[in-house]
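Fold and geometry: a report
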Amino acid sequence: MQPLFGRIKITTIDGLIAALTPVRFPDDQQITVAAVIQVKGEIRANCDLLLEYVHAVLPTAVASPGRLIILNQLRRDVFEVRSECGKVSVNFLRPRHKRILSRLRAAYEEMRLAAIVVCQQEEPALIDSLAVAL
Amino acid sequence: MAKARKRVPDRREDTLSRLADEYREALRYTGELRRAIDCFNGPIPHDSPQRYLRQDVGDAILSYLARVPRGKSIKDLVHELEEGGCIFGVIKSPNEIVTKVVKAYIQIGRLEWTDRKQTLVGLSQKKG
């Protein structure tokens, strides 16, 4: 059955922070396929939330070129992270070195930085809360 | 009469509750200050130590570069923005944030590198 009012959109930084889950990349030198799947799942969930926020506030940003530039940058970074998440490592039955996540980690950091810049524009007081939530 | 000693979990909960109260009050006060500041029109004077408080990083960089004759390095921009009261937080460094914004603005054509080594940033000279 379809919900009556559909999904509630995230339109504020506060709402975004409440919905995000902090992603912790494995610290061990060798990582298992299960750990990779788990971290990629968490990253994808955060990407979806960031996209939802960007799409919700983008129409209100047309009057402000600065906001538009930064929101589009965040959207590009989110797509980049999703693209990295989609890359599958082959021959991965035994644990592998953690460097197989290095590109994903770098892309995620860029996305995190873009989100912080968006937050700096919208709610400067919440910059650190958002950085921790990601 | 001897004071009844509280258990550690109770003390912890009391402390947490007090901190949450303080935090909520600080947020409310911050919001009120922000609304009060927003009641005033026009920019904050260029020589004020809080001149970039109402601007985001991108607008602050554009307004600074519009006032100076030549391109500036990322380090200069960070210094100017910090001097002007721009808020960066403590987790990510101002250098990372400014570099990210500069790259986004260069990609869109609002800023450009003014030297071949890509160390100095200036306003874009392209028209339209």
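What you see is a predicted model; the values in this text were computed from it and never measured.

Concerning the overall build of chain A
Each helix and strand in chain A was counted, giving five helices and two strands. In chain A, the order of α-helices and β-strands from amino to carboxyl end is α-β-α-α-β-α-α. Projected onto its principal axes, the C-alpha positions of chain A cover 50 × 40 × 25 Å. Within chain A, the proportion of its 134 residues that are buried is 34%. Of the contacts made within chain A by residues no fewer than 6 positions apart, 69% connect residues no fewer than 24 positions apart.

As for the interface of chain A and chain B
Between chain A and chain B, the residue contacts involve 16 residues of the former and 17 residues of the latter. When contributions to the side of chain A that touches chain B are tallied by element, the ones reaching two or more residues are α3 (65-86), α4 (102-122) and α5 (127-133) of chain A. Residue contributions to the side of chain A that touches chain B peak at six residues, all from α4(A). For the side of chain A that touches chain B, the class distribution of residues is eleven nonpolar, four polar and one charged.

Considerations on the domain arrangement of chain B
Split into domains, chain B comes out as domain 1 (7-41) and domain 2 (57-123). Centre-to-centre, using C-alpha coordinates, domain 1 of chain B lies 33 Å away from domain 2 of chain B.

A closer look at the packing of helix α3 (residues 74-83) of chain B against helix α4 (residues 94-108) of chain B
A packed helix pair is summarised by two numbers, namely the angle formed by the two axes and the spacing between the axes. All names here are of chain B. Taken N-terminus to C-terminus, the directions of α3 and α4 make an angle of 115°; their axes are 10 Å apart at the nearest point. The orientation of α3 with respect to α4, classified from their angle, is roughly perpendicular. As for how α3 packs across α4, the hand of that crossing is right-handed. Listed contacts from α4 to Ile74, Leu77, Val78, Leu81 and Glu82 of α3 are Pro94, Asn95, Val98, Thr99 and Val102. Each residue belonging to the contact of α3 with α4 can be placed in one class, and the counts come to seven nonpolar, two polar and one charged.

A word on the sheet that holds strand β1 (residues 72-73) of chain B
Residue and element names in this part refer to chain B. Read from one edge to the other, the open sheet built from three strands follows the order β1-β3-β2, with strand pairing classed as antiparallel. With partners counted over all chains shown, the strands left at the sheet margins are β1 and β2 (111-113), one partner each. Of the pairings in the sheet, the one linking β1 to strand β3 (residues 120-123) comprises two bridges and is antiparallel in character. Across the sheet, residue Ser73 finds its bridge partner in β3, namely Leu120.

Quick notes on helix α2 (residues 33-57) of chain A
All names here are of chain A. Here α2 contains 25 residues, and its C-alpha end-to-end distance of 36 Å stays within 8% of the 36 Å for a straight helix at 1.5 Å per residue. Residues of α2 that are buried: Val36, Val39, Lys40, Ile43, Asn46, Leu49, Leu50, Tyr53 and Val54. Buried-residue contacts for α2 involve α1 (13-19), β1 (30-31), α3 and α4.

A closer look at unusual backbone geometry
Residues other than glycine seldom take positive phi values, yet Gln118(B) does so here, at roughly 60°. What makes Gln118(B) exposed here is the crowd of 10 C-beta atoms within 10 Å.

A word on the environment of Glu110(A)
All names here are of chain A. Within the secondary structure layout, Glu110 lies in helix α4. Here Glu110 falls in the buried class, since 20 other C-beta atoms lie within 10 Å of it. Between the C-alpha atom of Glu110 and that of Gly86, which follows or precedes it by 24 residues, the distance is 17 Å.

Rules used in this analysis
Residues numbered from 1 in each chain as written. Chains lettered and ligands numbered in written order. Predicted model: local features only at pLDDT ≥ 70, side-chain atom pairs only at ≥ 80, totals over all residues. Helix = DSSP H or I, 4+ residues; strand = E, 2+ residues; numbered from the N terminus. Buried ≥ 20, exposed ≤ 12 C-beta atoms within 10 Å, placed from the backbone. Contact = placed C-beta atoms within 7 Å. Nonpolar A, V, L, I, M, F, W, Y, C, P; charged D, E, K, R; others polar. Domains from an automatic or database assignment. Axes fitted to C-alpha atoms, helices over the stretch in contact; angles between N-to-C directions. Parallel < 35°, antiparallel > 145°, perpendicular 65-115°, else oblique. Left-handed = near helix turned anticlockwise from the far one by under 90°. Pairing = 2+ DSSP bridges. Expected span 1.5 Å × (residues − 1).

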